[in-house]
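# Notes for the structure review
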Amino acid sequence: MKPLSEQEIRAAFVNCTKGAAKRLSVPRDLDERPWDDLDYLGWRDPQAPGRAYLVIELDSRPRALALRCTGPASGQMRRSMCSMCVTTHTGGVSLMVAPKAGKAGQQGNSVGSYICSDLACSLYVRGKKDAGAGSRLQETITLEEKTRRIVTNIAAFVAKVTA
């Protein structure tokens, strides 16, 4: 993924108002992010734990989603699988819900998917971050195919939000 500025990120949101995009918390460490290892940029809002955001480049332009999410239930010991990168976690996957864009979103319609709670799918797939023993299923596809799967899955999620 190519590095993005705070301004580019704020302008890319498709499912919130311009005012909301101006007020949301963008990471301050954008220069330090491992952009070469990211298929999308994702982060949780440190001031509002129930909010998360993701930005992906589609058709040569960034698209960003505002998400609502829950943390794992306390004491949860069940393993869950991320729908985007197929990594399994014990308590490390959250239901991320995006209000739909436009009038549908204003009417309360939303789309949800189970995604790694820390939105670090790209790093798990590349082995840069470890979700623990048994977190990555044995697959015969290449890293390129795994990263393409992440992009395809996120793009499909964005398409559902903007439909």
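Here, the structure is the one placed above.
The following paragraphs examine the structure supplied in this document. Residue numbers restart at each chain and count upward from 1, following the sequence in its written direction. Note on the predicted model: pLDDT of at least 70 is required for a residue's local features to be given, and 80 or more for side-chain atom pairs to be given and counted; whole-chain, interface and lining totals, by contrast, use all residues. For the side-chain quantities, the full set of heavy atoms in the structure was used; hydrogens and water were omitted.

### Observations concerning the environment of Leu 4
- With respect to the secondary-structure elements, Leu 4 resides in the segment before helix H1 (6-11).
- Accessibility here uses a 1.4 Å probe with only protein chains present; expressed as a share of the type maximum, an area under 20% marks a residue as buried, one over 50% as exposed, and anything in between as partly exposed. What makes Leu 4 buried here is its relative accessible area of 7%.
- In the structure, Leu 4 is positioned 77 residues away from Met 81 in sequence and 29 Å away in space, judged by C-alpha atoms.
- Throughout, a residue-residue contact means that at least one pair of heavy atoms, one from each residue, lies within 4.5 Å. When neighbours within four sequence positions are excluded, Leu 4 is seen to be in contact with Ile 9, Leu 30, Trp 35, Val 55 and Pro 62. The way it works is that DSSP assigns letters per residue, a run of H or I at least four long becomes a helix, a run of E at least two long becomes a strand, and they are numbered from the N terminus.

### Thoughts on the layout of surface pockets
- There is about 330 Å³ of room inside the largest pocket.
- The method works on a 1 Å grid over the protein atoms by themselves. A cavity is a set of points holding a 1.4 Å probe that cannot get out, a pocket is an open set with protein on both sides within 12 Å along at least five of seven lines, and residues with an atom within 4 Å of a point line them. Lining the largest pocket are 18 residues, and of these Asn 15, Cys 16, Thr 17, Ala 20 and Pro 99 sit closest to its centre.
- Secondary structure elements with two or more residues in the lining of the largest pocket: helix H2 (18-23), strand S2 (51-58), strand S3 (61-69) and helix H3 (102-106). Grid points are joined across faces, edges and corners, and a volume is the space filled by probe spheres set on the points.

### Regarding the packing of aromatic side chains
- Between 30 and 60 degrees the pair is tilted, below 30 it is stacked and above 60 it is edge-to-face, where a pair is any two Phe, Tyr or Trp rings, Trp via its six-membered ring, whose centres lie within 6.5 Å. Under the definition given, this model contains two aromatic pairs.
- Taken together, the ring pairs in this structure connect Phe 13, Trp 43 and Tyr 53 into an aromatic cluster.

### Some thoughts on the sheet that holds strand S7 (residues 110-116)
- The antiparallel open sheet is built from five strands, whose spatial order is S1-S2-S3-S6-S7. At either margin of the open sheet sits one strand with a lone partner, and together these are strand S1 (41-44) and S7. Ignoring which end each strand starts from, the neighbouring axes of this sheet average 30° apart.
- DSSP bridges decide pairing: two strands pair if at least two such bridges lie between them. Where S1 and S2 come together, four bridges link them in antiparallel fashion. Among the inter-strand pairings, Trp 43 is bridged to a residue of S2, identified as Tyr 53. Angular values range over 0 to 180 degrees, each being the angle between N-to-C directions of two axes fitted as lines to C-alpha atoms, with helices fitted over their stretch in contact.

### Some points on helix H5 (residues 143-162)
- Here H5 is 20 residues long and its end C-alpha atoms lie 29 Å apart, about the 28 Å a rise of 1.5 Å per residue gives.
- Within H5 the residues assigned to the buried category are Lys 146, Thr 147, Ile 150, Ile 154, Phe 157, Val 158 and Val 161. What you see down the axis of H5 is that its buried residues fit within an arc of 115°, all on one side. Exposed residues on H5 whose side chains face more than 90 degrees from its buried face are Glu 144 and Lys 160. To estimate how far a helix should reach, multiply one less than its number of residues by 1.5 Å. It is the directions from the helix axis to the C-beta atoms that the arc portrays.

### With respect to the pairing of S2
- Among the eight residues in S2, six count as buried, and that is most of the element.
- Counting the residues between successive antiparallel strands, the hairpin from S2 to S3 contains two residues, one of them, Asp 59, with a positive phi of roughly 50°.

### Focus: the side chain of Asp 39
- Take Asp 39: it is sitting in the loop between H2 and S1.
- N or O atoms closer than or at 3.5 Å make up a polar contact, with two conditions inside protein: a donor-capable atom paired with an acceptor-capable one, and, for residues adjacent in sequence, both atoms drawn from side chains. For Asp 39, the side chain forms a polar contact with the side chain of Arg 126, separated by 2.9 Å.
- Sequence-distant contacts of Asp 39, defined by excluding residues within four places in its chain, comprise Met 1, Ile 56, Ser 122, Arg 126, Thr 147, Ile 150 and Val 151.

### Some remarks on the environment of Arg 44
- When you line up the elements, Arg 44 lands in strand S1.
- According to the relative accessible area criterion, Arg 44 is partly exposed, its value standing at 26%.
- Along the sequence, Arg 44 and Met 84 sit 40 residues apart, while their C-alpha atoms lie 17 Å from each other.
- Polar side-chain contacts of Arg 44 include one of 2.9 Å to the backbone oxygen of Pro 49.

### Some remarks on the pattern of salt bridges
- In what follows, salt bridge is the name for a side-chain nitrogen of Lys or Arg lying within 4 Å of a carboxyl oxygen of Asp or Glu. Summed over all chains, the structure comprises nine salt bridges.
- With a shortest N-O distance of 2.7 Å, Arg 149 and Glu 139 are connected by a salt bridge. Taken together, the residues span a long stretch of sequence, with Arg 149 in helix H5 and Glu 139 in the loop between helix H4 (121-125) and H5 at a distance of 10 residues.
- Residue Glu 139 is classed as partly exposed on the basis of its relative accessible area, which comes to 22%.
- Through salt bridges with shared partners, one network takes in Glu 6, Arg 10 and Arg 28.

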